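Inside the fold
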Amino acid sequence: METIPIKYKRHVFVCLNKRDAPRESCSAKDSEKILTELRQHVNSNGLTGTYNITKTLCLGHCNEGPTIAIYPDGKILRKVSMADVPRIIEEYLD
């Protein structure tokens, strides 16, 4: 095992979990588009060493998804939509 130091200002996890209908899931509610927009912001602004945007599976809030977890803040954002992306960028990625 090798350990390397990484000091991100924030690590953002976007749920892309898929569940069979009729059960709700984040992937059925544009979570992949949200992930893409957040990554595009980080990549196009040279912030890849500052912020890490990671796709993940279930964060435990499927009925209130899409769900995003933000660390080290220790926050869960639920019911996220594409309209929320500019606010997420402003509050957590700038």
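See the structure above.
A brief report on the enclosed structure follows. Source: prediction; values computed, not measured. (Residues numbered from 1 in each chain as written. Predicted model: local features only at pLDDT ≥ 70, side-chain atom pairs only at ≥ 80, totals over all residues. Heavy atoms only, no water.)

1. Considering the nonpolar core
- The biggest cluster of nonpolar side chains holds 19 residues, and the ones touching the most others in it are V12, V14, L38, I53, I68 and L93.
- At the level of elements, β1 (10–15), α1 (31–44), β2 (51–56), β3 (68–71) and α2 (85–92) are the ones that each hand at least two residues to this core.
- Here V14 is in contact with S31, L35, L38, I53, T54, K55, T56, T67 and I68, once residues within four sequence places are set aside. (Core = buried A, V, L, I, M, F, W, Y, C linked by side-chain atoms within 4.5 Å. Buried < 20%, exposed > 50% of the residue type's maximum accessible area, 1.4 Å probe, protein only. Helix = DSSP H or I, 4+ residues; strand = E, 2+ residues; numbered from the N terminus. Contact = heavy atoms within 4.5 Å.)

2. So, the sheet that holds β2
- With mixed pairing, 4 strands are arranged side by side in an open sheet as β2-β1-β3-β4. Of all strands in the sheet, those with a lone pairing partner are β2 and β4 (75–77), marking the two edges. Averaged over neighbouring strand pairs, the angle between their axes works out to 20° when direction is ignored.
- One ladder, built from 6 bridges, connects β1 with β2; its direction is parallel. What sits directly across from V14, in β2, is K55.
- Docked against the sheet, α1 engages β1, β2 and β3, running at close to 160° with respect to β2.
- Contacting β1, β2, β3 and β4, α2 crosses the sheet at an angle of about 165° to β4. (Pairing = 2+ DSSP bridges. Axes fitted to C-alpha atoms, helices over the stretch in contact; angles between N-to-C directions.)

3. Thoughts on the environment of P5
- Position of P5 among the secondary structure elements: in the segment before β1.
- The exposure class of P5 is exposed, given its relative accessible area of 75%.
- In this structure the C-alpha to C-alpha distance between P5 and V80, which are 75 residues apart in sequence, comes to 31 Å.

4. Considerations on unusual backbone geometry
- The amide bond that connects G65 to the next residue, P66, takes the cis arrangement and shows omega of 0°.
- Here P66 lies in the loop between β2 and β3.
- Y71 connects to P72 through a cis peptide bond whose omega is 15°.
- Along the polypeptide, P72 turns up in the loop between β3 and β4.
- We note that D30 has phi near 70°; this positive angle belongs to a residue other than glycine.
- In this structure, D30 sits in the loop between β1 and α1.
- Among the residues examined, D30 registers a relative accessible area of 37% and is labelled partly exposed.

5. Section: the packing of aromatic side chains
- Tallied over the full model, the rule gives 1 aromatic pair.
- Both rings, one in F13 and one in Y71, keep their centres 6.1 Å apart while their planes meet at 80°; by these two values the pair is edge-to-face. Highlighted residues: F13 in strand β1 and Y71 in strand β3, separated in sequence by 58 residues.
- By relative accessible area, F13 is classed as partly exposed at 23%. (Phe/Tyr/Trp six-rings, centres within 6.5 Å; stacked < 30°, edge-to-face > 60°.)

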